[in-house]
Amino acid sequence: MRPAHSREQAMGIAYYVSDTAGIGGHLRDRAADFRVREREAFETQPVDADTGAYPALVFRATLTNRDTNGFVNELANRLGISRERITWAGTKDKRAITTQLFSIRNFEDTTLPELSGAAIEVVGRAGRPVLFGDHIGNEFELVVRDVHPDSTEKIDDITADLRAFVEADDRRNRGRDRDRGKDAVSVGDGTVTIGVPNFFGQQRFGTLRPVTHEVGLAIVRGDWEKAVIAYLGNPSEHEPADTREARDYVDRTHDWQGAIDRFPTHLRYERSIAHRLTEIGGDEPDQFREALTAVPSNLQALFVHAAQSYLFNQMLSLRLERDLPFSKPVVGDVVCFVDEHGRPDSDRRQLVTESRVETVARHCERGRAFVTAPLVGTDTELSKGEQGEIERQVLDETDLSLDAFDLPGEFDSTGTRRPILLQTELSIDHDPLTFSFSLPNGSYATVLMREYLKADPESMA
């Protein structure tokens, strides 16, 4: 296997599936090069429905070069309401054109203000707000620019590698399946089914400064002061000079008022935490924990989710090392069956025993079930067999236990399970080079595109 980029390895991603050299290039040369549209799965009533029975206003927004949280903050300010009343199905990237659903709790009006970079369409009303995960997935149309001159042949080879990853039972068969797949696909031939490990991409950890999981790991270990310093300090060479200087000042002094004076105004969450520390004073663990609650609740939860994602990535990397299949189960795996929308239902799971492995494999082949690994939490039941050994190894090496996720407020997590294989139908066109595909919610387009570019993750940020 080809080693991953060093910055990806810091996020638990150790390998590429494809051994073929990448095409280079970069994503997001302009916002229109990265288009995302939600595949919606949320029912609404007419906009004039009774607000007593249907108190949530649902709207669709197409954002151009705007991040989800920034848009929500501005909309809440314009409406004069708490940002916590505005919810959405999935957080999207900033440098893109994204179309997604939002809702506003207990909102009787049916008109919304005009905001720059946002086209807003009121959809209707609902009895409950749109919640995270209330969509089937996302459709992507991504343009790659400035690729290597020999990119066409490389794309064919990589596509064959990724097709073989889905079809082969283990790495010993992938060379044979890759050769067969290469004869069956070339750029422009329509769609082809490919697959990659369902890693969490760099956006989960921070684009320019991937430290969100470091904050989360410190939280899970109960080191609240380290969590604060990891978020406010810890400068990155990829940040602007004034930001690096402010973070370096935090590392050296722990002077919170001085940090407020130095942080650029756009670092509103860092400033909020520092401001809370100046208000409460002291240096007790509970005071650092309280300071972290100065950020929105979804970001508080994201810190711990990023730690879970880092552990998950490590588990998938070790599964690759052990030559275990991703599209089919082995004894000891835990599979999840699908719901009516074809999404994995973590409440319908089954431990794969020796007597059931062939039967469950057929369910996986037909798309009725998926092999999973845990996003560990207090209620997690670890796998058995080799996958169970991998999960315990990752927890041991990070000095964590499941009980560590028993935390106050939004930091608490009971855990869940996530498919280990990311599979999709891909079409590729030229002029410009464009990749089109759909992914389930929670999966990352850059995890697929990294196999083609094999570039610094910043090229895809």
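See the structure shown above.
Computed from a predicted model, the values in this text were never measured in an experiment.

Enquirer: Any chance you could break down the overall build of the protein chain for me, citing the residues and the numbers?
Expert: Along the protein chain, the regular secondary structure elements total 14 helices and 17 strands. A globule of 461 residues ought to have a C-alpha radius of gyration of about 23 Å, and the protein chain, at 23 Å, matches this closely. Projected onto its principal axes, the C-alpha coordinates of the protein chain cover approximately 65 × 50 × 50 Å. With 461 residues in all, the protein chain has 54% of them scored as buried. Long-range contacts, defined here as pairs at least 24 residues apart, represent 73% of the contacts in the protein chain between residues at least 6 apart. For the protein chain, the exposed area adds up to about 19,800 Å²; of that, 43% sits on carbon and sulfur atoms. Between the mean site of the 56 positive side-chain charges and the mean site of the 78 negative ones, the protein chain shows a separation of 2 Å.

Enquirer: Break down a positive patch on the surface for me, citing the residues and quoting the values.
Expert: Taken together, R356, R362, R366 and R368 make up a surface patch of like positive charges. Within the secondary structure, R356 is located in the loop between strand 13 (344-351) and helix 12 (357-365).

Enquirer: Provide a residue-level description of the packing of aromatic side chains, including the pertinent values.
Expert: Counted according to the given criterion, the structure contains 13 aromatic pairs. Relative to F303, the ring of Y231 lies with its centre 5.3 Å away and its plane at 70°, an arrangement referred to as edge-to-face. Taken together, the residues Y231 in helix 6 (residues 224-232) and F303 in helix 11 (residues 297-321) connect sequence positions 72 residues apart. Accessibility expressed as a relative area gives 0% for F303, which makes it buried. Through successive ring pairs, a cluster of aromatic residues spans F59, F71, W88 and F102.

Enquirer: Account for a negative patch on the surface, with residues named and values stated.
Expert: Together, D223, E225, D283, E284, D286 and E290 give the surface a local cluster of negative charge. On the secondary structure map, D223 appears in the loop between helix 5 (212-220) and helix 6. By relative accessible area, which is 36% here, D223 ends up partly exposed.

Enquirer: Just give me the short version of the pairing of strand 13, but keep the residues and values in it.
Expert: Side-chain positions along a regular strand alternate between the two faces of the sheet. In this structure, strand 12 (residues 334-338) lies alongside strand 13, joined through 5 bridges in antiparallel fashion. Residue pairing for strand 13: F337 is matched across the bridge by D345. What sits between the antiparallel neighbours strand 12 and strand 13 is a turn of 5 residues, in which G342 has the positive phi angle 85°.

Enquirer: Describe the environment of I390, listing the residues and the values that go with them.
Expert: Turning to its location among the elements, I390 is positioned in helix 13 (residues 385-397). On the accessibility criterion, I390 (0% relative accessible area) is buried. Not counting the four nearest positions on each side in its chain, I390 is found in contact with M315, L318, R319, R322 and L324.

Enquirer: Go over helix 12 with me, naming the residues and quoting the values.
Expert: One turn of the α-helix equals 3.6 residues, which is why residues spaced by three or four share an orientation. Along helix 12, the residues classified as buried are V357, V360, A361 and C364. Projected down its long axis, helix 12 shows its buried positions confined to an angular sector of 105°, all on one face. Those residues of helix 12 hidden inside the fold are in contact with strand 12, strand 13 and strand 14 (369-375). Within two residues after helix 12, G367 carries a phi angle of roughly 80°, on the positive side.

Enquirer: Kindly report on the pattern of salt bridges, identifying the contributing residues and their values.
Expert: The final tally for this structure, using the stated rule, is 25 salt bridges. Here E458 and R7 are joined by a salt bridge, their closest N and O atoms 3.5 Å apart. With E458 in the segment after helix 14 (445-453) and R7 in helix 1 (residues 6-9), this pair connects stretches of sequence that are 451 residues apart. For R319, the salt bridge goes to D333, with nearest N and O atoms at 2.9 Å. Here the residue R319 occupies a position in helix 11, and D333 occupies one in the loop between helix 11 and strand 12, the gap between them amounting to 14 residues. For the pair formed by R319 and D333, the shared burial category is buried.

Enquirer: Residue-level account of the nonpolar core, with values.
Expert: Residues I219, F435, F437, M449 and Y452 are the most contacted members of the largest nonpolar core, which totals 103 residues. The element best represented in this core is helix 11, accounting for 12 residues. Setting aside anything within four residues of it in sequence, one finds M449 in contact with L27, L142, V144, F435, F437 and M460. In terms of nonpolar packing, the next biggest core, distinct from the first, is built from 17 residues, I81, W88, L112 and L115 among them.

Cut-offs applied
Residues numbered from 1 in each chain as written. Predicted model: local features only at pLDDT ≥ 70, side-chain atom pairs only at ≥ 80, totals over all residues. Heavy atoms only, no water. Helix = DSSP H or I, 4+ residues; strand = E, 2+ residues; numbered from the N terminus. Rg over C-alpha atoms; globule rule 2.2 N^0.38 Å. Buried < 20%, exposed > 50% of the residue type's maximum accessible area, 1.4 Å probe, protein only. Contact = heavy atoms within 4.5 Å. Areas by Shrake-Rupley, 256 points an atom, 1.4 Å probe, with all protein chains shown as cover. Lys, Arg positive; Asp, Glu negative; His and termini not counted. Charge placed at Lys NZ, Arg CZ, Asp CG, Glu CD. Patch = residues over 30% accessible without salt bridge, like charges linked within 9 Å, V, L, I, M, F, W, Y side chains within 5 Å. Salt bridge = Lys/Arg side-chain N within 4 Å of Asp/Glu carboxyl O. Phe/Tyr/Trp six-rings, centres within 6.5 Å; stacked < 30°, edge-to-face > 60°. Pairing = 2+ DSSP bridges. Arc of directions from axis to C-beta. Core = buried A, V, L, I, M, F, W, Y, C linked by side-chain atoms within 4.5 Å.

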